[in-house]
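Geometric and topological summary
Next come the chains, spelled out residue by residue.
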Amino acid sequence: MGFDSAKFVTSVADDKKCLLCHGALDNPVRSACGHVFCSGCILPFGCQTRPVSTKVPAPRPDRP
């Protein structure tokens, strides 16, 4: 999971936030399609025992 963006002195740019947890990137990983995620958010999807998909998970809607 990413770092809590609210704890930063200045706002965190959207391109520096994980598309899944919406936190500031923590150990970022770039997918083949160019999306960037925290490794802790995206790696569980790659470790599942079902057939490998070329699609990345859909981003979560913004949290309130």
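One structure accompanies this document, and this report is about it. (Residues numbered from 1 in each chain as written. Predicted model: local features only at pLDDT ≥ 70, side-chain atom pairs only at ≥ 80, totals over all residues. Heavy atoms only, no water.)

Formed by Cys18, Leu20, Cys21, Leu25, Val36, Phe37, Cys38, Cys41 and Ile42, the largest nonpolar core amounts to nine residues. The set of elements that each furnish at least two residues to this core consists of strand E2 (36-38) and helix H1 (39-46). Counting residues per element, this core draws most heavily on E2, which supplies three residues. Setting aside its immediate chain neighbours within four residues, Val36 contacts Lys17, Cys18, Leu19, Leu25, Pro28, Val29 and Arg30. (Core = buried A, V, L, I, M, F, W, Y, C linked by side-chain atoms within 4.5 Å. Buried < 20%, exposed > 50% of the residue type's maximum accessible area, 1.4 Å probe, protein only. Helix = DSSP H or I, 4+ residues; strand = E, 2+ residues; numbered from the N terminus. Contact = heavy atoms within 4.5 Å.)

For Cys38, the position within the fold is in strand E2. C-alpha separation for the pair Cys38 and Phe3, spaced 35 residues apart in sequence, amounts to 9.4 Å.

Moving on to the pattern of salt bridges. In total, this model carries two salt bridges according to the counting rule given. Across the salt bridge formed by Lys17 and Asp14, the nearest N and O atoms sit 3.9 Å from each other. Here Asp14 falls in the exposed class, since its relative accessible area comes to 65%. A salt bridge links Asp15 to Lys16; its shortest N-O distance comes to 3.7 Å. For Asp15, a relative accessible area of 54% puts it in the exposed group. We classify Lys16 as partly exposed; its relative accessible area is 47%. (Salt bridge = Lys/Arg side-chain N within 4 Å of Asp/Glu carboxyl O.)

Of note, the phi angle at His22 is positive, near 65°, even though the residue is not glycine. Inspection of the secondary structure assignment puts His22 in the segment before strand E1 (28-30). Residue His22 is classed as partly exposed on the basis of its relative accessible area of 23%. We note that Asn27 has phi near 55°; this positive angle belongs to a residue other than glycine. With respect to the helices and strands, Asn27 occurs in the segment before E1.

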